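# Structure assessment
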Amino acid sequence: MTASPDLGTHLTAAPELLRSVFRQHAAGVAVITAAGEKPVGFTATSLNSVAAEPPLVSFGVGTSSSSWPVVAEAEYIGVHLLGEDQRELAATFARSGADRFGPPTDWRTGPEGVPLLGGVVAWLVCRVVARIPAGDHRIVIARVESGDPSGGGRPLVYHQGRFTALRD
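Being a predicted model, the structure only gives us computed values, none of them experimental.

## Focus on the overall build of the protein
- Regarding its fold elements, the protein presents 3 helices and 12 strands.
- A globule of 168 residues ought to have a C-alpha radius of gyration of about 15 Å, and the protein, at 17 Å, matches this closely.
- Taken over the C-alpha atoms alone, the protein extends approximately 55 × 35 × 35 Å along its principal axes.
- Residue burial in the protein is summarised as follows: out of 168 residues, 36% are buried.
- Taking the contacts inside the protein whose residues are at least 6 apart along the sequence as the reference set, 61% of them involve residues at least 24 apart.

## Quick word on the sheet that holds strand 6 (residues 76–81)
- Judged by pairing direction, the sheet is antiparallel, and its 7 strands sit side by side in the order 3-2-6-9-10-5-4 without closing on themselves. Where the open sheet ends on each side, the last strands, each with one partner, are strand 3 (40–44) and strand 4 (48–52). Recorded for the sheet is a direction-independent mean angle of 35° between the axes of neighbouring strands.
- Where strand 5 (residues 55–62) lies against strand 10 (residues 137–148), 7 bridges are found, and the strand directions are antiparallel. Residue pairing across strands places Leu56 opposite Arg143, the latter belonging to strand 10.

## Overview of unusual backbone geometry
- The residue after Glu53, namely Pro54, is reached through a cis peptide bond having omega -5°.
- Considering the arrangement of structural elements, one finds Pro54 in the loop between strand 4 and strand 5.
- In this model, Pro103 is joined to Pro104 through a cis peptide bond whose omega is 10°.
- Assignment of secondary structure puts Pro104 in the loop between helix 3 (87–94) and strand 7 (107–109).
- The backbone of Glu112 shows a phi angle near 60°, a positive value even though the residue is not glycine.
- Position of Glu112 relative to the elements: it lies in the loop between strand 7 and strand 8 (115–117).
- Since its relative accessible area comes to 52%, Glu112 is described here as exposed.
- The backbone of Gln160 shows a phi angle near 55°, a positive value even though the residue is not glycine.
- Here Gln160 lies in the loop between strand 11 (156–159) and strand 12 (162–165).

## Here's the deal with the packing of aromatic side chains
- Applying the stated criterion to the full structure yields 4 aromatic pairs.
- Both rings, one in Phe101 and one in Trp107, keep their centres 5.1 Å apart while their planes meet at 75°; by these two values the pair is edge-to-face.
- Measuring from centroid to centroid gives 5.2 Å for Tyr158 and Phe163, while their planes differ by 55°, and the two rings are tilted.
- On the accessibility criterion, Tyr158 (30% relative accessible area) is partly exposed.
- With relative accessibility at 17%, the residue Phe163 sits in the buried group.

## Some thoughts on helix 3
- For helix 3, the complete set of buried residues consists of Leu89, Ala90, Ala91, Thr92 and Phe93.
- Where helix 3 is buried, its residues meet strand 2 (30–34), strand 3, strand 8, strand 11 and strand 12.

## As for the sheet that holds strand 12
- Spatially, 3 strands are ordered 1-11-12 in an open sheet, and the strand pairing comes out antiparallel. Each edge of the open sheet carries a strand with a single partner, namely strand 1 (27–28) and strand 12.
- Where strand 1 lies against strand 11, 2 bridges are found, and the strand directions are antiparallel. Residue pairing for strand 11: Gly28 is matched across the bridge by Val157.

The rules we used
Residues numbered from 1 in each chain as written. Predicted model: local features only at pLDDT ≥ 70, side-chain atom pairs only at ≥ 80, totals over all residues. Heavy atoms only, no water. Helix = DSSP H or I, 4+ residues; strand = E, 2+ residues; numbered from the N terminus. Rg over C-alpha atoms; globule rule 2.2 N^0.38 Å. Buried < 20%, exposed > 50% of the residue type's maximum accessible area, 1.4 Å probe, protein only. Contact = heavy atoms within 4.5 Å. Pairing = 2+ DSSP bridges. Axes fitted to C-alpha atoms, helices over the stretch in contact; angles between N-to-C directions. Phe/Tyr/Trp six-rings, centres within 6.5 Å; stacked < 30°, edge-to-face > 60°.

Structure below.
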């Protein structure tokens, strides 16, 4: 079988091409947190399970983000899977300059001093094992140390530039 010669209009590789293509990709929404002088956190749609043995996860973080200086030094990070009713929480942690840990954010200090968000579908505390340069980001790889998958509920997803829910 050969490819059709009419593949439509194509764009040259550029940041906007990547953004345009990935708007078509639905992704789960997570919030990554870390403890510093003040707690930090950001919304991530790049969370991935890397390996089961040992249990590893990865995510990307921009080196220009306000959270990066703390994440760059953190030994432990928190990973929170958000539920479909947590659009505002996702938006708060995505918004530059927001008071992410002020009211109404429900959080507490968890294992290893990691800030843990309340009411999430599931959470993990992970030990950072690598920070890999990747353009204007770093790919953080972390080993799962503890967590709680029992929050229940349906996941929040990001698609077409907005937070949304799964449909059956």
